[in-house]
Amino acid sequence: MWNEVSGDKNRMGAILANMVDGVVALDANGEVNLANRAAESIFHVPPGGLEGKVFANLVKSCEVLHTVQEVLSIGREIYTEIELSAHALFRLHMVPIFGSGKEVQGAVAVLHDITDARRFDQMRSEFVANVSHELRTPLTAINGFVETLLDGALEDKLLCRRFLTIIDKETNRLARLIDDLLSLSAIESKERLLTLKPICIVRSIRQVINILGPQASEKRLHLELISEPDLPPVNADEDLVGQVLINLIDNAIKYTTCEGKIVIRVQKQGDRVVTTITDTGPGISEDDRMRLFERFYRVDKARSRELGGTGLGLAIVKHIVESHGGEVFVDSEVGRGSTFGFSLWAVYPD
Ligand SMILES: Nc1ncnc2c1ncn2[C@@H]1O[C@H](COP(=O)(O)OP(=O)(O)OP(=O)(O)O)[C@@H](O)[C@H]1O
Ligand SMILES: [Mg+2]
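Since we're looking at a predicted model, the values are computed, not measured.

**Here we look at the pairing of strand β4 (residues 88-98)**
As paired strands, strand β3 (residues 78-85) and β4 are joined by 7 bridges and run antiparallel to one another. Bridging from a neighbouring strand, Ile82 pairs with Phe90 of β4. Joining the antiparallel neighbours β3 and β4 is a turn of 2 residues. Across 9 bridges, β4 lies against strand β5 (residues 104-113) in antiparallel orientation. Its bridge partner lying in β5, Met94 is registered against Ala109. In sequence, β4 turns back onto β5 through a hairpin of 5 residues, with Lys102 there showing a positive phi of about 65°.

Next comes the structure, spelled out in structure tokens:
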């Protein structure tokens, strides 16, 4: 019998010690008489550091003081949210412990970290707001021009052609935005399985240069490809790597002024193959560089829109490269140019 009780106690002790949530037991005065390791680390105290402390003082919030009083005096079970430091948010669940005469003898508080969940919620609502805004802009333009056409501009052949060209451009943009969003979500949700095989990155770059070449020639840009001899192939999904290269080279062409220079370099670095794209464009400040790979982030929103951009290109690049276990990076100096790059794992013959 005694063995059974002590076995249960040990098991309970082990469960408490290994719980991710903080658990604190309080006596009738609101003082801590037991706390698990998670609770101690939430309050940044050494083992045993919470015992004897008044719980409401630890949290330093009038609301929690109220909550503890309510639980201990009325015996009510309470859920609330508390902020312990600048960005640490917890859900506090407090349950009274009753004695045999139904009097409140103390309480148990469980602290569950909801910081990440809240941040995720916030990101999601920002994302929805961004998407709605991006969809509304071309729709408003289309709507405006269709109304003007219906109001009579239809009779004027020249105006009609001009407005229809704008409507065509905005419709294409809407379609591109939706395509980009779908491919981003497919990569993110791992719905799009990677078809990995050894590919020659230089060959992929040449294919992309063939596609984007006319845009570069139009701006009289000097395009150079420098690659090390005997480069190993990389283990990658050919279509997706093509998309990474298109997005990065398209940016370099789009943001570099006429007669500028773009150099694409491929080098071996240890077990990886690193591709960099250097341009003589406007460069990107450090503050902007930190946020560049976020969805919809654009340094110059008006200019990017005018160039037909959706602000999703670099977010897609980052997702694709990271889903291959590689890394993306950017280096830049305002007024001199930028270098975007990514690494992929090399394949060596056995
Ligand atoms: N090579 C570059 N030089 C200067 N600025 C750049 C360069 N590449 C990207 N940027 C900046 O980063 C922003 C984000 O790029 P991203 O490719 O994600 O979007 P976008 O080019 O605006 O639109 P999309 O690629 O979806 O058509 C751009 O709007 C631009 O301000
Ligand atoms: Mg882009």
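We are not done yet, so read on.
**Points about the domain arrangement of the protein**
Each domain of the protein was delimited in the assignment, giving domain 1 (2-113), domain 2 (115-192) and domain 3 (195-350). A straight line from the C-alpha centre of domain 2 to that of domain 3 covers 25 Å. At the junction of the two partners, domain 2 supplies 12 residues and domain 3 supplies 10 residues. Mapped by element, the contributors of at least two residues to the side of domain 2 that touches domain 3 are α5 (115-150) and α6 (157-188). Top element by residues in the side of domain 2 that touches domain 3 is α6. It accounts for 9 residues.

**What to know about the nonpolar core**
In terms of nonpolar packing, the biggest core is built from 32 residues, with Val244 and Leu248 touching the most fellow members. Sort the elements by how many residues they give to this core and helix α8 (residues 238-255) lands first, with 9 residues. Discounting chain neighbours no more than four positions away, the residues touching Leu248 are Ile277, Val317 and Phe340. Core analysis: the next-biggest nonpolar cluster, separate from the first, contains 21 residues, Ala38, Val68, Leu72 and Ala107 among them.

**Let's talk about the packing of α5 against α6**
Interhelical geometry of α5 versus α6 gives an angle of 160° and a closest axis separation of 9 Å. The orientation of α5 relative to α6 falls into the category roughly antiparallel. You can see that α5 and α6 cross each other, and the crossing is left-handed. Residues Val131, Glu134, Leu135, Pro138, Ala141, Ile142, Phe145, Val146, Thr148 and Leu149 of α5 lie in contact with α6, whose contacting residues are Cys160, Phe163, Ile166, Ile167, Glu170, Thr171, Arg173, Leu174, Leu177 and Leu181. For the contact of α5 with α6, the residue count by class is 15 nonpolar, 2 polar and 3 charged.

**Considerations on the sheet that holds strand β12 (residues 337-345)**
Taken in spatial order, the 5 strands line up as β7-β9-β10-β12-β11 in an open sheet, and their pairing is mixed. In this open sheet, the two edge strands, each paired with only one partner strand, are β7 (222-227) and β11 (328-333). Neighbouring strand axes in the sheet, compared pairwise and without regard to direction, differ in orientation by 15° on average. Relative to β12, strand β10 (residues 272-279) is paired through 8 bridges, and the arrangement is antiparallel. Residue pairing in the sheet places Arg272 in a bridge with Trp345 of β12.

Analysis parameters
Residues numbered from 1 in each chain as written. Chains lettered and ligands numbered in written order. Predicted model: local features only at pLDDT ≥ 70, side-chain atom pairs only at ≥ 80, totals over all residues. Pairing = 2+ DSSP bridges. Helix = DSSP H or I, 4+ residues; strand = E, 2+ residues; numbered from the N terminus. Domains from an automatic or database assignment. Contact = placed C-beta atoms within 7 Å. Core = buried A, V, L, I, M, F, W, Y, C linked by C-beta atoms within 7 Å. Buried ≥ 20, exposed ≤ 12 C-beta atoms within 10 Å, placed from the backbone. Axes fitted to C-alpha atoms, helices over the stretch in contact; angles between N-to-C directions. Parallel < 35°, antiparallel > 145°, perpendicular 65-115°, else oblique. Left-handed = near helix turned anticlockwise from the far one by under 90°. Nonpolar A, V, L, I, M, F, W, Y, C, P; charged D, E, K, R; others polar.

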